[in-house]
Amino acid sequence: MISKIISYSTITLSILFRNKRFYKISYACLMILVVSSCTRKVQLERDEYRLNNFEFKGNKQISTEELELLIPPTQKPNRRILYLPVTPYVGFYNLGKSMYSQAKIAKRLEKWQTKLNNLPNPINYEAKVERKRKKYLSKVSVYKDRLDTKENWWMKNIGEAPAIITESAINRTSKSINEYLYSKGFFDSKVNYQIDSVNTNKRIKITYLVEEKRPYLLDTISYVIEDRKIDSLLNIHARNSFLQRSDNVDFNNIDAEKLRIEGLLKDNGYFNFVSKNHISIQIDTTDYIKRGFNVNLTVKISNPFLKEQHDQFTLESINFISADASTDNSQKIDTTTVELNSIRYTFIGKKFPAKILDKKILIRPNQLFKASLVNETNRQLYGLDQFAFANVKFTQLPDNKLRADIIAPTNPKYTTAYNFDVNNINNILGGGASVSLRARNLLSILETTELGFRANLEGQPGLDSTTQRSRELGANLALNIPKIIFFNRFSNLLSLKSPRTQLAVSFNNSKQRLFERQVFRLTGNYSWQRSKYETVLISPFDINLINTPYKSESFEQVLLDNPNLKVLYDPQFVSSINGTYIFNNQVQGKNIKAKYIRFFVESGGTTLNFFPDKNQIKFIDQIFPLDTNQRAYFRFIKMNFDFRKYIPINKRDSWAYRLNLGIAHPYGQNKAMPFEKNFFIGGPNSIRAWRPRTLGPGSALGTTINNRFSQQPGDILLETSIEYRKYMFRFIGNWNAGLFIDAGNVWKWYQIDTKYNQANFDWTRFYKEIAVGTGAGLRLDLDYFVARFDWGVKVFDPAKATGEKFVLDNLKLGRNNEYYPVFHFAIGYPF
């Protein structure tokens, strides 16, 4: 099957290259690359060479990827696009060089330096002045750097300097590699290099010849400690040592052990202990050959000069000081002082509740100095979103005492945020805009209040062959409290777990030609961090009042013909209790081995089980009466498990996997799920060979009038994806390629009369109804967001008849073709 897919991919490429427009574009791009790479001939001095490439030979225990990190950026070959024999970035660099003007840069530097010098130097902190100072300093630094390096913005960010190298530089790098091997225990290693000519233009290839030889291993590890108290402490924690017998003599591990000792001591009162001043290492290589290259290592911890032991410090007093940076210095500032649990709180300007702050401050008078508690105090205070930062300053006092001053400048009371995004759904360009206002500590309980508004415009397929725009307007109000309310005992246990209570109300109105839908929502959520990577969220109530005030005549007819679909667009009251567990050890911006797990469980209509009429809540109908339709109530159980794994191949490339399983059991009278609670599949973050929410259920065709109905809900979800992510080149941002295979479908829990034995889940046939899509994409990573362009192609279409489900051979480039590649533009990775 794989060979068949590959053969069809080859056919697809041949179709592309036979396309005249594609050929012209490709030719033009190639010419641009060639011209840009030849913009200016690179002038070489007598002992200079153009570096073509380099490689390592002979290394067995140290990986090539590890050694490549030792090569300076200036000694790496120029980047190429798609491995073509041209270096366009050099052309861009030369273009920027032609625009470089030292006189203009000097003039701009003088302008910003003058502005910086003219700034006042107020006695007290002024936010506006400091913001200007920060901006001017940044400008001065930029233009100074451009004068020093003789490179402008274009040369630094778009272009790339020609990879010019000298033999003396190669020799220095060879020595650096040998020093690295030495630091990893290869004391007898040798590194040489070989230079080969690539062509007559002084282009060369460098081969670093690495001879590692036998590594030196740790045998006896001894600790000589003059301070008996420290000796006892290290013996208790000896199992955590980074130095283990039979390991290579690794200087990185030796440095890590020094830092471990320093951290351990600073967590036990040794405020002034610095490893570089008091820890020395001795390596005894006597008779190492007879001992099989085993050596002895001694860690010596000396006492301070003219002292018999190291000083342990105790906290004498603790002061918390917060200052409102936005306060005008010309006005009189109110200062409030409060003392609670031996901590003195001073509030300059804004006042905060000391009782809540007290639970976030872990250090106390008469307590041994502990660096870990200081760091956690800073983290807890910063997490309140009330302070710009938190920093603890210590002052040494007589008798080994410390005074701790916790400095916490406040955030502005009111802040606004704006957000814009763009999307392309069903080949209709759309987007959205949102604005939010955040107010801090209005109720004096360290809470934040957020008011937000959002407008969105996107494409939706109609019931016929047309597409249309869908307009969405929404507003929300949320109150975030940094504790678990109503459960005091539980709240105290979680006080250091970043607890949050959120009460929120929102209204959303979405309108398109087919119908208009309104949703009023009231929610209450508890959340806390179980550990560094684990988050727990519990929602004791999630109440939705839903109405569809307008339906077009054609849409009404579709609903009349499909009772199971009709109930989803009737007026609804949906209430639920839910909980979520999330594990996520990804580090943003780093390509590391990581995984993401999300488990969600929800019980809908639970309160209905306590009413005599389990299909209606009368007081809801009395408060919100209806003129026509009867309101639909729902009872259901829903679970969702989402697992993702990320496996790095090298520093920049990786594999990504996803398995997404879901099941929802509607057990109410209508045997249906609320529309918003259904599972959907297809789209830019799902099966990318299908348009958003258009796949399924099962092998059934969607409800149509000359075309498939846009959204196909399901009660059971099976979805999986595998994606290869490959770094390509850098231009403006990092460009990455993606190759993917997606598979999955959704099914209904109950039989549907009009789609008998097609839409419902059946163990005997579900595996025959799994849709498969494949494709490729481009991703532009700008650090602060990722723009993604994906093209998906159908491989297996479960809606087709038996024997016709493999549809990859139906691939055509005409837009009117059903199997034309589906294009998705999205922000962020699909998973």
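In short, a report on the structure. (Residues numbered from 1 in each chain as written. Predicted model: local features only at pLDDT ≥ 70, side-chain atom pairs only at ≥ 80, totals over all residues. Heavy atoms only, no water.)

**Section: the overall build of the protein**
Summing up its helical and strand segments, the protein has 17 helices and 29 strands in all. Counting across all 831 residues of the protein, residues that qualify as buried make up 43%. If you take every contact in the protein between residues at least 6 apart in sequence, the share linking residues at least 24 apart comes to 65%. Accessible surface, the protein as shown: approximately 45,300 Å² in total, 55% of it carbon and sulfur. (Helix = DSSP H or I, 4+ residues; strand = E, 2+ residues; numbered from the N terminus. Buried < 20%, exposed > 50% of the residue type's maximum accessible area, 1.4 Å probe, protein only. Contact = heavy atoms within 4.5 Å. Areas by Shrake-Rupley, 256 points an atom, 1.4 Å probe, with all protein chains shown as cover.)

**Re the pairing of strand 10 (residues 343-348)**
Where strand 8 (residues 314-323) meets strand 10, six bridges bridge the pair, whose relative direction is parallel. Residue pairing for strand 10: alanine 323 is matched across the bridge by isoleucine 348. (Pairing = 2+ DSSP bridges.)

**With respect to helix 15 (residues 553-561)**
Among all positions in helix 15, only Phe555, Val558 and Leu559 are buried. The arc that holds the buried residues of helix 15, viewed along the axis, is 95°, so those residues lie on one side. With respect to the buried face of helix 15, the exposed residues turned more than 90 degrees away are Glu553 and Leu560. (Arc of directions from axis to C-beta.)

**Quick look at the sheet that holds strand 9 (residues 335-340)**
One open sheet holds the five strands; their spatial order is 9-10-8-12-11, and the pairing between them is mixed. This sheet does not close on itself; its edge strands, each paired only once, are strand 9 and strand 11 (391-397). Averaged over all adjacent pairs, the angle separating strand axes in this sheet is 20°, with direction ignored. Strands strand 8, strand 11 and strand 12 (401-409) of the sheet are contacted by helix 13 (residues 371-382), whose axis makes an angle of about 145° with strand 11. (Axes fitted to C-alpha atoms, helices over the stretch in contact; angles between N-to-C directions.)

**Description of the packing of helix 5 (residues 102-117) against helix 6 (residues 127-149)**
Packing of helix 5 against helix 6 leaves a shortest axis separation of 9 Å and a crossing angle of 155°. Taken together, the axis directions place helix 5 and helix 6 in an arrangement best described as roughly antiparallel. Of the two elements, helix 5 crosses helix 6, and the hand of that crossing is left-handed. Residues Gln102, Ile105, Ala106, Arg108, Leu109, Trp112, Gln113, Lys115 and Leu116 of helix 5 lie in contact with helix 6, whose contacting residues are Arg133, Lys135, Tyr136, Leu137, Lys139, Val140, Tyr143, Lys144, Arg146 and Leu147. Considering only residue class, the contact of helix 5 with helix 6 consists of ten nonpolar, two polar and seven charged. (Parallel < 35°, antiparallel > 145°, perpendicular 65-115°, else oblique. Left-handed = near helix turned anticlockwise from the far one by under 90°. Nonpolar A, V, L, I, M, F, W, Y, C, P; charged D, E, K, R; others polar.)

**Re the packing of helix 9 (residues 228-236) against helix 10 (residues 251-266)**
Two packed helices can be described by the angle between their axes and the distance between those axes. The interhelical angle for the contact between helix 9 and helix 10, taken along N-to-C directions, is 110°, at an axis separation of 11 Å. On the basis of their axis angle, the class for helix 9 and helix 10 is roughly perpendicular. Between helix 9 and helix 10 lies a crossing of right-handed hand. Judged by residue contacts, Ile230, Leu233 and Leu234 of helix 9 engage Ile261, Leu264 and Leu265 from helix 10. Within the contact of helix 9 with helix 10, the residues separate by chemical class into six nonpolar, no polar and no charged.

**Topic: unusual backbone geometry**
A cis amide bond links glycine 696 to the next residue, proline 697, at an omega of -5°. Looking at the element boundaries, proline 697 is found in the loop between strand 24 (654-666) and strand 25 (716-731). Residues other than glycine seldom take positive phi values, yet asparagine 341 does so here, at roughly 50°. Relative to the assigned elements, asparagine 341 resides in the loop between strand 9 and strand 10. Its relative accessible area of 45% is what places asparagine 341 among the partly exposed residues. Unusually for a residue other than glycine, arginine 693 sits at a positive phi of about 65°. Arginine 693 gets classed as partly exposed once you look at its relative accessible area, which sits at 34%.

**Overview of the side chain of asparagine 319**
Mapped onto the secondary structure, asparagine 319 falls in strand 8. What asparagine 319 contacts, discounting residues up to four positions off in sequence, is Arg344, Arg403, Ala404, Asp405 and Ile406.

**Some thoughts on the pattern of salt bridges**
Within this structure, the stated rule accounts for 35 salt bridges. Across the salt bridge formed by glutamate 55 and lysine 205, the nearest N and O atoms sit 3.1 Å from each other. One end of the pair, glutamate 55, is in strand 1 (residues 48-57); the other, lysine 205, is in strand 4 (residues 203-211), and 150 residues separate them in sequence. Since its relative accessible area comes to 24%, glutamate 55 is described here as partly exposed. A salt bridge links lysine 156 to glutamate 151; the shortest N-O distance between them is 3.7 Å. (Salt bridge = Lys/Arg side-chain N within 4 Å of Asp/Glu carboxyl O.)

**Here we look at a nonpolar patch on the surface**
A cluster of nonpolar side chains, Tyr414, Tyr418, Phe420, Val435, Leu437, Leu442, Leu443, Ile445, Leu451, Phe453 and Leu477, forms an exposed patch at the surface whose accessible area comes to about 1,100 Å². Of all the secondary-structure elements, those providing two or more residues to the nonpolar patch are strand 13 (414-425), strand 14 (428-440) and strand 15 (448-461). The element contributing the most residues to the nonpolar patch is strand 13, with three residues. With respect to the secondary-structure elements, leucine 442 resides in the loop between strand 14 and strand 15. (Patch = residues over 30% accessible without salt bridge, like charges linked within 9 Å, V, L, I, M, F, W, Y side chains within 5 Å.)

**Overview of the pairing of strand 17 (residues 500-511)**
Along any regular strand, the residues point their side chains to alternate faces of the sheet. Here twelve bridges tie strand 17 to strand 18 (residues 515-529), and the two strands are oriented antiparallel to one another. When the bridges of strand 18 are listed, asparagine 508 appears paired with valine 519. Between strand 17 and the antiparallel strand that follows it, strand 18, lie three residues.

**Things to note about the sheet that holds strand 2 (residues 164-166)**
Within the open sheet, the four strands sit side by side as 2-1-4-3. Their pairing is mixed. The sheet terminates laterally at strand 2 and strand 3 (190-197), the two strands that pair on one side only. Each adjacent strand pair in this sheet contributes to an overall mean axis angle of 45°, direction not counted. Two strands pair when backbone bridges link them, and strand 3 and strand 4 are joined in this way by eight bridges, in the antiparallel orientation. Residue aspartate 196 lies in a different strand from strand 4, and its bridge partner there is lysine 205.

**Quick notes on a positive patch on the surface**
Taken together, Lys104, Arg108, Lys111, Lys115, Lys128, Arg131, Lys132, Lys135 and Lys139 make up a surface patch of like positive charges. Counting only elements with at least two residues in the positive patch, the list comes to helix 5 and helix 6. Per element, the largest residue contribution to the positive patch is five residues, and it comes from helix 6. Mapped onto the elements, lysine 111 comes out in helix 5. (Lys, Arg positive; Asp, Glu negative; His and termini not counted. Charge placed at Lys NZ, Arg CZ, Asp CG, Glu CD.)

**So, the environment of aspartate 196**
Summarising the element assignment, aspartate 196 is placed in strand 3. C-alpha of aspartate 196 to C-alpha of phenylalanine 54: the two residues are 142 residues apart in sequence and 10.0 Å apart in space. Apart from residues no more than four positions distant in its own chain, aspartate 196 is found in contact with Arg203, Ile204, Lys205 and Thr207.

**Description of the packing of aromatic side chains**
Within the structure shown, the criterion is met by 37 aromatic pairs. Measuring from centroid to centroid gives 5.4 Å for tyrosine 288 and phenylalanine 293, while their planes differ by 70°, and the two rings are edge-to-face. Here a set of aromatic residues connected by ring pairs shows up, and it is made of Tyr182, Phe187, Tyr216, Phe251, Tyr288 and Phe293. In this arrangement the basic side chain of lysine 794 is found over the ring face of tryptophan 690, its NZ or CZ atom lying 5.0 Å from the centre. (Phe/Tyr/Trp six-rings, centres within 6.5 Å; stacked < 30°, edge-to-face > 60°. Lys NZ or Arg CZ within 6 Å of the ring centre and 35° of its normal.)

**Comments concerning the environment of serine 98**
Note on placement: serine 98 falls in helix 4 (residues 88-99). Of the polar contacts made by the side chain of serine 98, one reaches the backbone oxygen of leucine 95; its length is 2.5 Å. (Polar contact = N/O pair within 3.5 Å; in protein donor to acceptor, adjacent residues only side chain to side chain.)

**Describing the environment of phenylalanine 369**
Structurally, phenylalanine 369 is set in the loop between helix 12 (354-360) and helix 13. Distance from phenylalanine 369 to leucine 265, taken between C-alpha atoms, is 9.8 Å for residues 104 residues apart in sequence. In contact with phenylalanine 369, not counting residues within four places along its chain, are Lys266, Asp267, Asn268, Gly269, Phe271, Phe313, Val374, Phe394 and Leu402.

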